[in-house]
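Structural overview for review
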Amino acid sequence: ASDPNYLLRTKQVVDMSHMKTYPKNPAMCSEEARLGTYQNWPGYAPVTPSELSNAGFYYTGTGDRVECFCCGEKLTSWEPGDRAWLEHKKHFPYCLFILGHDVGNVPLEAESTV
Ligand SMILES: [Zn+2]
């Protein structure tokens, strides 16, 4: 006897591998590493590299486009008054870094306490 629904349910339970794909870019877990990507950050951008890297973003090297080390989503077209963390939260509320999960982020402050 076969029960397709049972098989489907079983697969759904087992297939949790996608949950372990965070962070998307482990190399950018360190805030210091992220900050280092803003060498050519455009001067017209209204958001600072330190604020962006603190919010999980590193520079992609194109325009003012940044990418989150955790969810892998990109943000661009920053406007005056934008706050990096709030924009991140607004556009990608499911991001585990934004949600406060331990995704391996290494904040700048941690460097001195090691
Ligand atoms: Zn994110």
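Below or above, wherever it landed, is the structure these notes cover. All values reported here derive from a predicted model rather than from experimental measurement.

Let us look at the sheet that holds strand E3 (residues 74–75). Strand order in this open sheet of three strands is E1-E2-E3, and the pairing throughout is antiparallel. The outermost strands of the open sheet, each flanked by one partner alone, are strand E1 (57–59) and E3. Sheet topology note: the strand E2 (residues 66–68)/E3 ladder contains two bridges and is antiparallel. Bridge assignment links Glu67 to a residue of E3, and that residue is Lys74.

Among all positions of helix H4 (residues 84–91), only Ala84, Glu87 and His88 are buried. With its buried residues spanning 100° around the axis, H4 presents them on a single face. Seen from the open side of H4, the exposed residues pointing more than 90 degrees away from its buried face are Leu86 and Lys90. Buried residues belonging to H4 abut helix H3 (49–54), E1, E2 and E3.

Another point: the pattern of salt bridges. Oppositely charged side chains can form a pair if their charged atoms are brought close together. Taken as a whole and assessed by the stated rule, the structure comprises three salt bridges. Here Glu67 and Lys74 are joined by a salt bridge, their closest N and O atoms 3.6 Å apart. Lys74 gets classed as partly exposed once you look at its relative accessible area, which sits at 43%. In this structure, Lys90 and Glu87 form a salt bridge, with 3.4 Å as the shortest nitrogen-oxygen distance. With Lys90 and Glu87 both in helix H4, this residue pair falls three residues apart, about one helical turn. Taking relative accessible area as the criterion, Lys90 reaches 57% and is therefore assigned exposed. Among the residues examined, Glu87 registers a relative accessible area of 13% and is labelled buried.

So, on to the coordination of the zinc ion. Looking at the zinc ion, the protein donor atoms are Cys68 (SG), Cys71 (SG), His88 (NE2) and Cys95 (SG), and they sit 2.1 to 2.3 Å from it. In this structure, the zinc ion is coordinated by four donor atoms arranged in tetrahedral fashion, with angles at the metal of 102 to 118°. The sequence motif formed by the donor residues of the zinc ion is C-x2-C-x16-H-x6-C. Taken together, the positions of Cys71 in the loop between E2 and E3 and Cys95 in the loop between H4 and helix H5 (110–113) put the pair 24 residues apart, joining distant regions of the chain.

Right, let's talk about the packing of aromatic side chains for a bit. Scanning the entire structure with this criterion turns up seven aromatic pairs. Seen from their ring centres, Tyr38 and Trp41 are 5.3 Å apart, and the 75° between their planes marks the pair as edge-to-face. Like Trp41, Tyr38 is buried. With a centroid separation of 5.0 Å and an interplanar angle of 90°, the aromatic rings of Trp41 and Tyr59 are classed as edge-to-face. A residue pair is termed long-range when its members are at least 10 positions apart, and Trp41 in the loop between helix H2 (31–35) and H3 and Tyr59 in strand E1 qualify at 18 residues.

About the criteria used
Residues numbered from 1 in each chain as written. Predicted model: local features only at pLDDT ≥ 70, side-chain atom pairs only at ≥ 80, totals over all residues. Heavy atoms only, no water. Pairing = 2+ DSSP bridges. Helix = DSSP H or I, 4+ residues; strand = E, 2+ residues; numbered from the N terminus. Buried < 20%, exposed > 50% of the residue type's maximum accessible area, 1.4 Å probe, protein only. Arc of directions from axis to C-beta. Contact = heavy atoms within 4.5 Å. Salt bridge = Lys/Arg side-chain N within 4 Å of Asp/Glu carboxyl O. Donors = N, O, S within 2.8 Å, 3.2 Å for Na, K, Ca; no water. Tetrahedral: all angles 85-135°; square planar, octahedral: opposite > 155°, others 65-115°. Phe/Tyr/Trp six-rings, centres within 6.5 Å; stacked < 30°, edge-to-face > 60°.

Distances and angles like these do not, on their own, reveal function.
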